[in-house]
Amino acid sequence: MPIQNERLRQSFLSALSKRIVMPFDEFVEWALYDDDTGYYRQSKLRVGKSKNADFYTSTSIKSFVWEKLLIESCCKLLGKNDPRDFVFVEIAAEPGSNSLDQKSHPFKAIKTIRLGEPIQIPDKAIVFSNEWLDAQPFKRFRFDPSCKQWSEIGVKLQESVLTEETLSDSDKNIEITKQFPQNYSTPYTIDWPTGAEETLVNLLRINWRGLFVTFDYGLHFDRICTDFPEGTGRTYANHKCSNEITANPGMEDITCHLCWNALKKILSDHQFTNVNLKNQESFFMNNGSEAIRSVIENQQANDEYLGSIKELIHPQHLGQKFQVLYGQRGIQMN
C-alpha cells in the first residue's frame, strides 16, 4: 500500500538515512516509537474493549477482580517475605492507567513507569508488566530452500510503497540463525524477538532484588520453528489482526510472539530462581485462588465481577491466550 502521508514518508526516509534497505527491527522501532509518527507516540485510545481501541488485554477488565488476583498472586510468590518491604513497579502502563489502586494495596509503594521514562528500580521490588516485551522490535529472517540459507529481511521504500527486501550478502550470516533448522523444503519465515531479549537483559542488569512477573503471549522455540511458516509478526487495529506488517506504519500495533525458552534462560542467567511459565488460567488458579473464591462466594458480587473472573481465567477467553513468566532473585523464600 502506498504511503499517502508525506510526513510519514519523509520520516521513514530520515530514519533510512543513506541506506537502501532498513533492517526489519529498525522498521518496527520506527513504526512504533518514532517521536513524530510512531504508533505509541500518538494520542489515541489503543487498549480497551471500545470499538475505537485496537486491542484489549487482561488489564482492560475494569473491575477490582484483576487487582485482587494480581495482589494475592504477588504476595504468594513472595513467600514469607513481607510485601510491605517491596515497591510494586509497573512498566509500560498506558497513559492515565495502572493495574493497582493507589489506596488499597499491601506494598511499600506503587511506581508506574511509562513510555519514555527511565527504568529505575528500587532495591526491593515486584517488577510487573503486561504485554510490554511483545511490544519491542523484532528481526525477520527467511529461509531459502534452494540454497539452504537464512537471510535477514529488511524494508525499503520503492515508488512510495514499503516492501520487504533481503539484506545484502554481507548481512546474511547472522549469529541468531545458527540455532534455526536448516532443512526446510519450502520457504520459512522466523520473526525473532531480539528487542524483547535486549529489553529484559537491560532490566535485569539493574541491581534490584525481589519478584519479576510478566503477562504476555509467546511460544516455545519448537513451535516457532515448525508451526508458523509465515512468521508470527502481526498488526492489530480496531480489534482486527493482519500479517501485512508494512501496510500502515504508525497507525497499527506491531508485535510478534516471544520465545519463552530464550526469556527463561535470560532470567536464570541473571540469578533468578524458581523461574516458571504458566498460562494465565493456571497462574491465577494456583496463586490467586483465595481472591477467586472471595469473589465467587460474595453474595453481593454482581454479574460484572463474576464475568471478569470468567474472562480472566476461562480457557476460551484470556486464560489460555496469555502466559505468565515469573521468578525471584535475592530473597529468601523460606
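Position labels on residues start from 1 in each chain and follow its written sequence. For a predicted model such as this one, the threshold for reporting local features is a pLDDT of at least 70, and the threshold for listing and counting side-chain atom pairs is 80 or more; totals across whole chains, interfaces and linings nevertheless cover every residue. In computing side-chain properties, one takes all heavy atoms of the structure into account and sets aside hydrogens as well as water.

A closer look at the overall build of the protein
Cut-off, in case you're wondering: Where helices and strands are cited, they refer to DSSP runs of H or I of at least four residues and of E of at least two residues respectively, numbered from the N terminus. By definition in these notes, contact holds between two residues if any of their heavy atoms fall within 4.5 Å. Using a 1.4 Å probe, the Shrake-Rupley method yields the accessible areas, and only the shown protein chains count as cover for residues.
Along its length, the protein carries ten helices and 16 strands. A fraction of 72% describes how many contacts in the protein between residues 6 or more apart in sequence connect residues 24 or more apart. Counting every atom, the protein has about 16,200 Å² of accessible surface; 46% of that belongs to carbon and sulfur.

Focus: the environment of Gly231
Put simply, the rule is: Buried means the residue's accessible area, taken with a 1.4 Å probe over protein chains only, is under 20% of the maximum for its type, while exposed means over 50%, and partly exposed covers the values in between.
Within the fold, Gly231 resides in the loop between α5 (221–226) and β11 (234–237). With relative accessibility at 3%, the residue Gly231 sits in the buried group. Once the C-alpha coordinates of Gly231 and Arg140 are considered, the two residues, 91 residues apart in sequence, prove to be 8.0 Å apart.

Looking at the packing of aromatic side chains
What counts, and what does not: Ring pairs shown here join Phe, Tyr and Trp side chains whose ring centres sit within 6.5 Å, with only the six-membered ring taken for Trp; geometry is labelled stacked below 30 degrees between planes, edge-to-face above 60, and tilted in between. Two thresholds decide whether a charge sits over a ring: the Lys NZ or Arg CZ must be within 6 Å of the ring centre and within 35 degrees of the ring normal.
Taken as a whole, this structure holds 26 aromatic pairs when the rule is applied. Ring geometry for Tyr184 and Tyr188: centres 4.4 Å apart, planes at 10°, overall stacked. Given a relative accessible area of 11%, Tyr184 falls into the buried group. You can call Tyr188 buried: its relative accessible area is 4%. Through pairs of rings, three or more aromatic residues link up here, namely Trp66, Phe88, Phe107, Phe128, Phe215, Phe283, Phe284 and Tyr326. The lysine or arginine in question, Arg329, covers the ring of Trp208, its NZ or CZ lying 5.1 Å from the ring centre.

A look at the packing of helix α3 (residues 64–77) against helix α7 (residues 280–287)
Heads up, the rule is: The convention used is that axes are lines fitted to C-alpha atoms, helices contributing only their stretch in contact, and that angles between N-to-C directions extend from 0 to 180 degrees. Each angle is binned into one of four classes, with values under 35 degrees roughly parallel, values over 145 roughly antiparallel, values of 65 to 115 roughly perpendicular, and all other values oblique. Rotating anticlockwise by less than a right angle from the far helix to the near helix defines a left-handed crossing, while the corresponding clockwise rotation defines a right-handed one. Under the scheme applied, nonpolar residues are Ala, Val, Leu, Ile, Met, Phe, Trp, Tyr, Cys and Pro; charged residues are Asp, Glu, Lys and Arg; polar residues are all the others, including Gly.
Packing of α3 against α7 leaves a shortest axis separation of 9 Å and a crossing angle of 70°. Taken together, the axes of α3 and α7 are roughly perpendicular relative to one another. Crossing of α3 against α7: the hand is left-handed. Across the interface between the two elements, Trp66, Leu69, Leu70, Glu72, Ser73, Lys76 and Leu77 of α3 pack against Phe283, Phe284, Asn286 and Asn287 of α7. In terms of residue class, the contact of α3 with α7 is built from six nonpolar, three polar and two charged.

Quick word on the pattern of salt bridges
Stated formally: Only one rule defines a salt bridge in this text: a Lys or Arg side-chain nitrogen within 4 Å of an Asp or Glu carboxyl oxygen.
Enumeration according to the criterion identifies 15 salt bridges in this entry. Where Glu164 meets Arg142, a salt bridge forms, and the shortest distance between an N and an O atom there is 2.9 Å. Note that Glu164 is positioned in strand β7 (residues 161–166) and Arg142 in strand β5 (residues 139–144), a separation of 22 residues in sequence. Owing to a relative accessible area of 28%, Arg142 belongs among the partly exposed residues under this scheme. For Lys178, the salt bridge identified is with Glu175, shortest N-O distance 3.1 Å. Residue Glu175 is classed as exposed on the basis of its relative accessible area of 58%.

Some remarks on the sheet that holds strand β16 (residues 323–329)
The criterion, for reference: For two strands to pair, DSSP has to find at least two bridges joining them.
Strand order in the open sheet formed by six strands is β3-β2-β4-β9-β16-β15, with mixed pairing between adjacent strands. Both edges of this open sheet fall to β3 (109–113) and β15 (273–279), since each of them pairs with a single strand only. The mean angle between the axes of side-by-side strands here comes to 15°, regardless of whether they run parallel or antiparallel. As paired strands, strand β9 (residues 209–216) and β16 are joined by seven bridges and run antiparallel to one another. Note on β16: the bridge partner recorded for Phe212 is Gly327. Taken strand by strand, α3 contacts β2 (87–91), β4 (124–130), β9 and β16, and its axis lies near 140° from that of β9.

Some words on the pairing of strand β6 (residues 149–158)
Among the ten residues of β6, eight are classified as buried, and the element is accordingly described as predominantly covered. Direction of pairing for β5 relative to β6: antiparallel, over a ladder of five bridges. When the sheet's bridge partners are listed, Phe143 is paired in β6 with Trp150. Counting the residues that bridge the hairpin from β5 to β6 gives four residues, and of these Lys148 lies at a positive phi of roughly 55°. From the end of β6 to the start of β7, which pair antiparallel, there are two residues, and Glu159 there has a positive phi angle of about 55°.

Structural notes on helix α6 (residues 260–269)
Let me state the cut-off plainly: The directions from the helix axis to the C-beta atoms form the arc being described.
Among the residues making up α6, those that are buried are Trp260, Ala262, Leu263, Ile266 and Leu267. Angularly, the buried residues of α6 cover 165° about the axis, an arc narrow enough to put them on a single face.

A look at α7
Among the residues of α7, Gln280, Phe283, Phe284 and Asn287 are the ones counted as buried. All buried residues of α7 fall inside an arc of 90° around its axis, so they share one side.

Some points on the sheet that holds β11
What the three strands build is an open sheet, ordered β12-β11-β13; its pairing is antiparallel. Two strands lie at the open edges of the sheet, namely β12 (240–242) and β13 (253–255), each paired on one side alone. Between one strand axis and the next, the sheet turns by 25° as a mean value, whatever way the strands run.

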